[in-house]
Every structure is written in C-alpha cells, then in structure tokens.
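Descriptive analysis of the structure
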Amino acid sequence: MSANGVAPTGSGEQPAGAGQAGVHPDGALLQVTDLRVDFRQAGRVVRAVDGLSYAVPRALTVGLIGESGCGKTVSSRAIMGLLPDTARVTGSIRFEDQELIGLSERKMRAVRGSQIAMVFQDPARSLNPTTRIGPQITEAIHLHADVSKAAAHDRAVELMELVRLPAARERFRSYPHQLSGGMRQRVMIAIALAAQPKLLIADEATTALDVTTQAQIMELLRDLQQRLGMALIMISHDLGLAASFADEVLVMYAGRAVEHAPTRKLFEHVRMPYTRALLDAIPRLENPPHSPLAAVPGQPPDLAHEHVGCPFSPRCTSVTAKCREHAPPFEEQEPHHRWACWHPCGLEKPS
Amino acid sequence: MSTASAPLKVPVRRGRGGTLARTAESPTLRFIARRLLMAIPVLWGVTLLAFAVVSHLPGNAAQELLGINATPAEIHQLSVKLGVDKPFVTRYLDWLHGIFTGTLGHSLASGQSVTSILGSDLPVTFELLAYALLISLGLAVPIALLSARYPNGIFDRITMVLSMAGLSIANYVLALVLVYFFAVKLNWLPALGWVPPDHGLGQNIKYLTLPAVSIALSLLCFYARLLRADLIEQLQGEDYVTTARAKGVGPWRIILRHALRNSTFGLITVVALNLGTLLGATVVIEDIFGLPGIGHELLSAIGYRDLPVVEGVVLVFGVLVVLSNLLADLLYSALDPRVRYGSAS
Amino acid sequence: MAAPAETTVPGVLEPVGVAAAAASGRAGRLRGAAGIWVPSVLILLIFGLCFVWPLIGPVPSPTGGNILNSNLPSFSPGHLLGTDATGNDEWSRLLYGGRASLEVALAVNAIGISLGGLLGASAAYFAGWRDTVTMRILDVLIAFPSLVLAVAIAERLGPSEVHAIWALSFFSVPAYARVARAATLRVRDRDFIVASRLSGTRPTTALLRHIAPNILPQLVTFACLGIGITIVLEGALSFLGLGIPLPAPSWGNMIAQGQGILSAAPKFTMLPSAALFITVIAFNLLADGLRARWSAQ
C-alpha cells in the first residue's frame, strides 16, 4: 500500500449512501456502521455518539480527532465494550467479521487484549500502584496464552525492550511510581502488545506527556505499528499530531463524523469549516509575534438535547438558514474524501 | 508522591556506618524512628493521665477504703501506708520510677504484684480479642467482596440493611440477647465462665464464643461496609481497573487480584486504629461473661478500691492503644509501596 | 487512599464517595430525602415520647412503686408494659429512662461540639505549635478507650447523671476536636478564607463567620453518630452501676436489672434493649442520610 494507504474505492460490496461507510473494501479490519451511544443520566438521555461510521484497514493508522466531548473516546470504548451499564449502544461494530455489539461479556473478554488492545491517557493512574510492572505485563500474557511463568517473564522483558524501556530486565520488578511518565506509557504499550493484537487504540496516549516525550512515544507507536503490521486508531484533539502520524484522519464533532480523508488530502483540501477552524487554531511559527490565536468561538452543543440542523451551525462562519434546518449528510463527495457540510470550504463561491 | 525520577540507580553506600548511619540513609527507617519518637510524649502523657485520674480525683482513697466508721487516726495511718499523703508530683515520680524498674506496686486486696496480675489477665483478653477479630475480618472480607462484585444487587442491599442494624446494637445488649437465645433457650453454648486453653482447647473456645461474637458483630458490620466502599470506589473510579478490563481480565480477578490488594492495607490500618475501642469493649463483655481479663480486673479492682491495680490496668490500656495507633501508622506506610520504595531507589 | 488516622470518622460511616448507584434522577432524590426525613421523624417521636408525653399523658412515676403491684404482666389495666419487681410501671421507666439517657447524650455532645469544635478548628486555623501541642494532648486523651477512663472517672466521682456527663465529655471533646480540625484543614486553604486572613480579619471573626458554617455539616453528621455512641456508652456506664444510679431509671441500668432475671422474664432486658437499638439506629440512619445529602452537593 502507498503512504496514503488507501485501496481503490468501492468494490461494489458497500452501497454508497448517507451514513454508510463506503471507502474501503471488505478487507477492512474494523468496520463501524451507524454507531450510536446513549447515556441515561439523571433522567436525561445524552447522545454521545450519533451515527458514526468508518472503517479501519489493516496495518494503517487512523487519526480520530475532535474536541473534548465529541464522542471519540466514547466510541472507542464502545468498540472495546468498556462502557458503563448506563450506556446503550446500537449500530454495528464488526471486527474481522465478528459483530462486537451485543457480544457476551465472556466472549468480549477474549477479544480484549488479544485482538484489540487499548492504551489510555494517564499512565500515572492507569497502572496499579501497588503491583510491580512486570506482573502487570505478564498478567496480559497469561490471559491469552498458555505459557509457563518463566516463558511469560521472558516475553515480558522482550516486550519491554520492544518499547525501548531502558534496563528492561531490572525494571521488571519496579513499581509504577518509580518510573517517569514516558516510561510508564511505554509499559502501557507493552501491556497492550502482550497478546499481539491486530488493532491498537491509543486514546489520547500522549496528551499527558511533555512534548519531547510525546514525540518519542508517537515515533515508537508508528514504528511498532509498521513492524508488527498492526492497525492503529489514534485518538487525539491535536490535529497537528494527526498530520504527522496518521494515514487517514477522521474529524468528529458532537458525536458525529464530519470529515474523513487520507491525511494529505485532508490538509491540502480541507472541506468542512470545523476542520478548517481547527487547522487555523494551531499556532504557527510563521505568524508575527503576538498574533491573536484563532480560537473557535462558542461552545460545543449540549448533547442532552436533540439538535435540528448541523450541530456546528451556531459556531460556523459559513452558516446559512439551510444549515440550521437540515443536518448535512456525511457522504463521500470526492474520491476517498467524505464530509458533512452544505457549504464546504474551497468549493463554493462566497455568497 | 514523586513523579519523574532518574533512571534506575544502584544505591551507593558512602563509607561504612553502624545502625545509626544506615537509619539516617533509609527514608523508611527514618520515618519509623520519627514516629516512635513522636509516640514517646504521648506515652508519657498517658502515664500522667492514668495516674492523675485514678489517684488524684476528689475523694480520699484511704477514707473510702476504710469506710465511714474509720477513725481519723486509722485514716492517717493508711494514708501514710498508701503514700497518699505525699504531694502529687512525688507520688507520680515514685510510680514512674516503679514502672521503669519493672514494678507497679502490689494489690491492696490480695498482695499480689500488679505486674503478675496483669500478666495473667492480658492473655485472656488478647485471646478474646483475637477471636473477635478473626470472626469479624473472616466474615467481613467475603461479604464485602460479594457486595462489591454486584453492587446494589440483592445481596448487597440486604447486607447494607443488616449491617446498619448490626452497627446499632450495643455490644452488651447483643451479649444478653445471645445469652438468652443460645445459652438459656437453646443451651448450645455456656452463658459464662472461662476455661484456660491448657485445660482443653475445645472448651476454651466454647466459652469464648458468645463473648467474641458480641464484640465481633459490630466490628464485622463496620469492616464490611468500609471494605465494600473502598472496593467499589476502586472499581468505579480507578483507571487501572479500566486498563485491567481492557487487557481482558475477568471481574473476579479484578476484584481479588487488583482492587482487594489496594484496599487491604487501608483496612488493616483501620483495624489497628480501632484496637482501642476494642479494648474498651472488653470491660463490659468480660464482666457479663465472667472472663478473667483486664477489663474484668478493672471493674473488680474498682469495686475493691484497689488503687495500685486500677492504676496499673488503666496504664496498660493507655499504652496498648498508643502502641496500636503507632502500629497503624507504621503498617500504612510499610505496606504502601509508594512510601516504602520512595522514588528512585 | 488517604491516610486514615485523621480523616476516618470512628464508628459507623465509611468514607464518602460510595454512590448507592449515583443517586440520580427522581428516584434517587426521593430516596435521598427519605433518608433524612424518616429517621428525623423517628427521632422526633422518640424525643416526644420521652420528654413531652410524660408531662401531658397518663404516665405514672417511674419510681416509688407499690410493692403490692409488683410483677404485673403486660397489658394490665393502667400498666401497658406491666410492672417490675418493686411495682414501678415499666412503660414509665422506659420513657423516663430514655429521657435520662438522651439528656446525657445531648449534654455530652453539646459540650463536645462547642468546646471540641472550637478547639479543633482553632488548632487547625492557627496551625504551628499551637496545633501540634493541642493535637498531642488530644492524642493522649483519645488514646484511652473511652469506657475505661469514663469508668475510672465515674467511679471516683460517684454515680450520678451529672458525673456521667462529665466523664463522657472527656471523650467527646477530643473526638469533636479531631473532626473539627480535619474539616478546618480542608477548608482553610480555600481562596476566600485565605483572602479574609490576608485582609486582616480577626481570628475570632474568621472562625465564627467563615470557618464555622463550612465545617458545620461534618460536625452535625458526626453529632448524629456521637449521640448514638454516647447513648450506648452511658448505657454501659449505667449497666455497670457507674452511671445513673438506681432507682432512677436509665436504659443501661434497666438492662442490668433485667440481667438477673433474664431467663425468667426477658422483657425487662429486652424492652430497654429494643429502645436503645431503635434510638441508635435512627441516629445512624440520619447521619447516613445527612452525609449522603451533603456530599452530593
């Protein structure tokens, strides 16, 4: 596959149309179709994810980008089946031809870790503080393979070396608080890789780290992904990060997908005004000093209330009456490029 | 709690040094030493309070011992003998001196040395308390585990209600209710008495059962609730639980291998802190069941106006509580690897 | 987990944070309100019966009964629960006994919350050596199991209601001081407190006007527990003959009285036991309800 990594469109299996993912052939590792997640909270229903559809091909990195509360984390937890009981999940999540929604907890446990693994945001809190890190890794190994303690121990050290943890053999018996943030995150990655999953979801995996470490970890993830032929979903609010490390980018807003394209195409031809705004908000060195930051005005919508029209309309600079009345469909409107907007950037004459 | 740390360093021992030098180097030992030092003034305060309360409150000890019909001469004679005519400070220092030389005086009633009285009483009390702790913890842990596994399920709701009731029963009330049902009505267990272990362990335990249960019930309810709360807090709030679930770990393993581990040292600390209250309970329970422990000793010594014994018993109570609080402090730090290992070690 | 030594409330309550499945929604709110009103009503009922009813209702004197009337069974005319061995009306003894026990409990906790609360809050507010010294002294007091010292004190002073109050206050003051101190420590560093201190507010004003309202919820919740605990302790003292002296009734000494005839006539022990139980559980439930309500905010 090329650097953009996108196979030709539609082998005819996927019907094109509103709300359907149609970009990749059936070879996709993970196929999310019309995913909806509702939370029942204090008598209200909050719709955290509202009809999300996308596919993750093998051995590629998909960047899932959006503000806090846009549903990116919730959707990934839905894939793993890690949502609390107050959540209602509808739609379809197919992993290698197995439907994950509605799967029994026991079967789901077999999938977690061995097929799909996850790395979380805050390594300080995501590791058990009273257990040494070695056993936390071997636990993942033992869960999905029948090996001896010694073999698991060796494999764990192997993994620690794989994630470039210095002095791996000695570190086996360290406690999490004895390691720095970057090292802890490497341990988390080692744990996630223990059972050789086919898909790794990195949920804001570098957000809690300083910039240098962030770069190191992302490099590590990319390297591992290529070496192990793993697919990677990279969840972040940082569009710049996606630019550097993702093959495809999916932008989410208010629980919906609003733009999806291979990375280069997205950045060269931004269509959705929200994505444009996100891009503009990234501070650039070329700008003169003390330029005001182009922040996106307004607040994301309250997900407890049903919205009519495009959810971004209150904050959009290109908004019209049509936007407020009818929500635009999320469709492939150019080859390999899907978006949901009545007035995409660069395609309309200013009125 | 430190966050970033340098890569693993092997500790370099600079020069040689004896225990003191090694203590100064190790943060844990320094911590223990500091705690011990802080306990000393408290211990001293305890001795002062014990002495003051028992020997210095209004009322003429000699007068009370001899009764209303005593003549002033007799009172004076006994006062001198008791040493109560000396000023407070002198008496206190004498007593303290006695403690350091290993003697607490002699019983006015029996002449026996107070230390030997305490020596024969303490094992009884300890056995009772150990039995009560065994029952309470032994039941609290499984109950809490089941409740936390299925929070707000049937089992959980029932245990919450029952434990609230259990906590609200005074231990002497429970003791009498138990005696009524199990000793009087059903005749399964004896109502009172004591058989030392060397006279038959089975009998010994039989006689201790009702008293131990009387003490254990409210403890059981307290510990079960505490542990359940802690477990649920971990299961619902802690990120490492999510990591474990993402690994594919099953719910029971998460509770037992992860959450329980983290909750245990907190529970043990609370148990140690509670030992003081536990000791207080022995006063009434030993009285009801006729067990020859230090609680019972306190009451009978009070009844006989046996000052030296009362002083000694009150002192022992105080010291035991201080020690158990110290133990709690130390246990908490010792068991938490974050404190034990510090940062780069 | 926070270090338990200073933040654990001794007794019933487990640390805050356990949601009974996050009491949200109307059902949760109703349950929350019920958790406060139900025990409150029960407590009011108990107080009404013990303090008010004997003044207005047909309740005979609890002492000075006629020996000819002794050991009447329950539901005898004029004696709802029968009479005891000296002819005293059992129902009356139950009510007056409750009054005595509750008086002691209220007095002890009132002293505790005012003196102890002030002491603990000041220690935490001023910090420094004042704090350390106060806490060391309190540690010594708390070091003794309450009953042991109360027994020793009460014995020296002689059994009476007032002496029982003194003896028990010895513990309630340090206990409240500890709670007040922990609560004040948590509040002390909040912005508006710091601001008031920097702007030169006098400590007394600061304590009364700023700190007090903020630590009151914890103190009140602890007071509910404290009353329950004190009733039980007073019961123990009276049970041992060191509290309220016979023939004046107290639930504790009634239980002790009944102990001798437990097999023959269990009701003399069971009735005050039940009264004790119901009262304590009401206060515990109230404490639970208050804590749930106040921590949910």
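Definitions and limits used
- The residue numbering used here restarts from 1 in each chain and proceeds along that chain's sequence as written.
- To label them, take the chains in the order written and letter them from A, then take the ligands in the order written and number them from 1.
- Totals for whole chains, interfaces and linings use all residues, but because this is a predicted model, local features are given only for residues with pLDDT of at least 70 and pairs of side-chain atoms are given and counted only at 80 or more.
- Helix and strand labels come from DSSP, where a helix needs a run of H or I of at least four residues and a strand needs a run of E of at least two; each type is numbered from the N terminus.
- Backbone-placed C-beta atoms define the burial measure: a residue is buried with 20 or more other C-beta atoms within 10 Å of its own, exposed with 12 or fewer, and partly exposed in between.
- Throughout, a pair of residues is in contact if the C-beta atoms placed from their backbones lie within 7 Å.
- Classification convention: Asp, Glu, Lys, Arg as charged; Ala, Val, Leu, Ile, Met, Phe, Trp, Tyr, Cys, Pro as nonpolar; all other residues, Gly among them, as polar.
- A score between 0 and 100, pLDDT records how confident the predictor is in each residue.
- For helices, the fitted line uses only the C-alpha atoms of the stretch in contact; every axis is such a line through C-alpha atoms, and the angle between N-to-C directions lies from 0 to 180 degrees.
- An angle below 35 degrees is treated as roughly parallel, one above 145 as roughly antiparallel, one from 65 to 115 as roughly perpendicular, and anything else as oblique.
- Crossing handedness follows the turn of the near helix against the far one: under a right angle anticlockwise gives a left-handed crossing, and clockwise gives a right-handed one.
- A helix is expected to span 1.5 Å for every residue after the first.
- Note that the arc is computed from the directions linking the helix axis to the C-beta atoms.
- The reported bend at a residue is simply the angle between two axes, fitted to the 7 residues ending at it and to the 7 residues beginning with it.
- DSSP calls a pair of strands paired once it identifies at least 2 bridges connecting them.

All right, on to the overall build of chain C then. Scanning chain C from N- to C-terminus turns up 10 helices and 0 strands. Along its sequence from the N terminus, chain C presents helices and strands in the succession α-α-α-α-α-α-α-α-α-α. In chain C, buried positions account for 48% of the 297 residues. Partitioning the contacts of chain C with sequence separation of at least 6, the portion at a separation of at least 24 is 71%.

Let's shift gears to the interface of chain C and chain B. Opposite the 48 residues of chain C that make contact, chain B presents 52 residues. Elements represented by at least two residues in the side of chain C that touches chain B include exactly α1 (4-7), α4 (128-143), α5 (146-157), α8 (203-239), α9 (251-259) and α10 (267-295) of chain C. By residue class, the composition of the side of chain C that touches chain B is 34 nonpolar, 9 polar and 5 charged.

It is worth spelling out the pairing of strand β8 (residues 231-236) of chain A at this point. Of all 6 residues that make up β8 of chain A, 6 are buried, and the element is covered over most of its length. Both faces of β8 of chain A are covered, namely the face carrying A231, I233 and I235 of chain A and the face carrying L232, M234 and S236 of chain A.

Our next topic: the confidence of the model for chain C. All names here are of chain C. Per-residue pLDDT for chain C averages 80, and the proportion of residues at 70 or more is 89%. Mean pLDDT across the elements of chain C ranges from a minimum in α1, with 33, to a maximum in helix α3 (residues 90-126), with 90. Predicted confidence for residues 1-23 stays below pLDDT 50, and this span has 45 contacts to residues more than four positions away or in other chains. Scored as a complex, the prediction yields pTM 0.82 and ipTM 0.83.

Contact pair helix α8 (residues 171-185) of chain B / α10 of chain C: the axes reach a minimum separation of 10 Å and the direction vectors enclose 140°. Here α10 of chain C runs oblique to α8 of chain B, going by the angle between their axes. In the crossing of α8 of chain B with α10 of chain C, the sense of the turn from one axis to the other is left-handed. For the pair α8 of chain B and α10 of chain C, the contacting residues are V173, L176 and V177 of chain B in the first and T269, S273, L276 and F277 of chain C in the second. When the residues that make up the contact of α8 of chain B with α10 of chain C are grouped by side-chain class, the tally is 5 nonpolar, 2 polar and no charged.

What follows deals with helix α5 (residues 149-162) of chain A. All names here are of chain A. When the terminal C-alpha atoms of α5 are compared, their 20 Å separation across 14 residues agrees well with the 20 Å that a helix rising 1.5 Å per residue should span. Those residues of α5 not exposed but buried are A152, A156, V157, L159 and M160. Taken down its axis, α5 places every buried residue within 160° of arc, on the same side. Looking at the buried side of α5, the elements it contacts are α4 (133-144), α6 (168-171) and α7 (181-193). Two residues or fewer after α5 comes R164, characterised by a positive phi angle close to 60°.

Here the focus is the environment of A294 of chain A. Residue and element names in this part refer to chain A. Mapped onto the secondary structure, A294 falls in the loop between α11 (273-281) and α12 (321-325). It is 28 Å that separates the C-alpha atoms of A294 and V74, two residues lying 220 residues apart in sequence. Apart from residues no more than four positions distant in its own chain, A294 is found in contact with D280 and A281.

Turning next to helix α11 (residues 251-289) of chain B. Residue and element names in this part refer to chain B. An ideal rise of 1.5 Å per residue puts 57 Å on 39 residues; α11 reaches only 44 Å between its terminal C-alpha atoms. Where α11 bends most, at L260, the angle is about 50°. Positive backbone phi, at 65°, marks G290, one or two positions downstream of α11.

Once that is clear, we can look at the sheet that holds strand β1 (residues 30-41) of chain A. Residues and elements named next belong to chain A. Taken in spatial order, the 4 strands line up as β2-β1-β4-β5 in an open sheet, and their pairing is antiparallel. The open sheet has two free edges, formed respectively by β2 (44-56) and β5 (98-99), since each of these has just one partner strand. Pairing of strand β4 (residues 87-95) with β5 involves 2 bridges; the strand directions are antiparallel. Counterpart to F95 in the pairing with β5 is Q98.

In a beta sheet, neighbouring strands pair by backbone hydrogen bonds and run either parallel or antiparallel. All names here are of chain A. Here we have 8 strands laid out as an open sheet, ordered β6-β7-β8-β3-β9-β10-β12-β11, and mixed in their pairing. The sheet terminates laterally at β6 (116-119) and β11 (331-334), the two strands that pair on one side only. If you compare each strand with its neighbour and ignore which way they point, the axes differ by 25° on average. Two strands pair when backbone bridges link them, and β11 and strand β12 (residues 337-339) are joined in this way by 3 bridges, in the antiparallel orientation.

A few words now on unusual backbone geometry. Of note, the bond from L246 of chain C into P247 of chain C is cis; its omega dihedral lies within 30 degrees of zero at 5°. Mapped onto the elements, P247 of chain C comes out in the loop between α8 and α9. Not every positive phi belongs to a glycine, and N152 of chain B is a case in point at roughly 65°. Summarising the element assignment, N152 of chain B is placed in the loop between α6 (114-149) and α7 (154-168).

A word on the pairing of β6 of chain A. All names here are of chain A. Taking every second residue as pointing to the same face, both faces of β6 are buried, with I116 and M118 on one and A117 and V119 on the other. Of the strand pairs in this sheet, β6 and strand β7 (residues 199-203) are connected by 4 bridges, and their pairing is parallel. Across the sheet, residue A117 finds its bridge partner in β7, namely L200.

A few words now on the confidence of the model for chain B. On average, residues of chain B score 80 in pLDDT, and 83% of them are at 70 or above. Predicted confidence is poor over residues 1-16 of chain B, with pLDDT under 50, and the contacts of this stretch with residues over four places away or in other chains come to 19 contacts.

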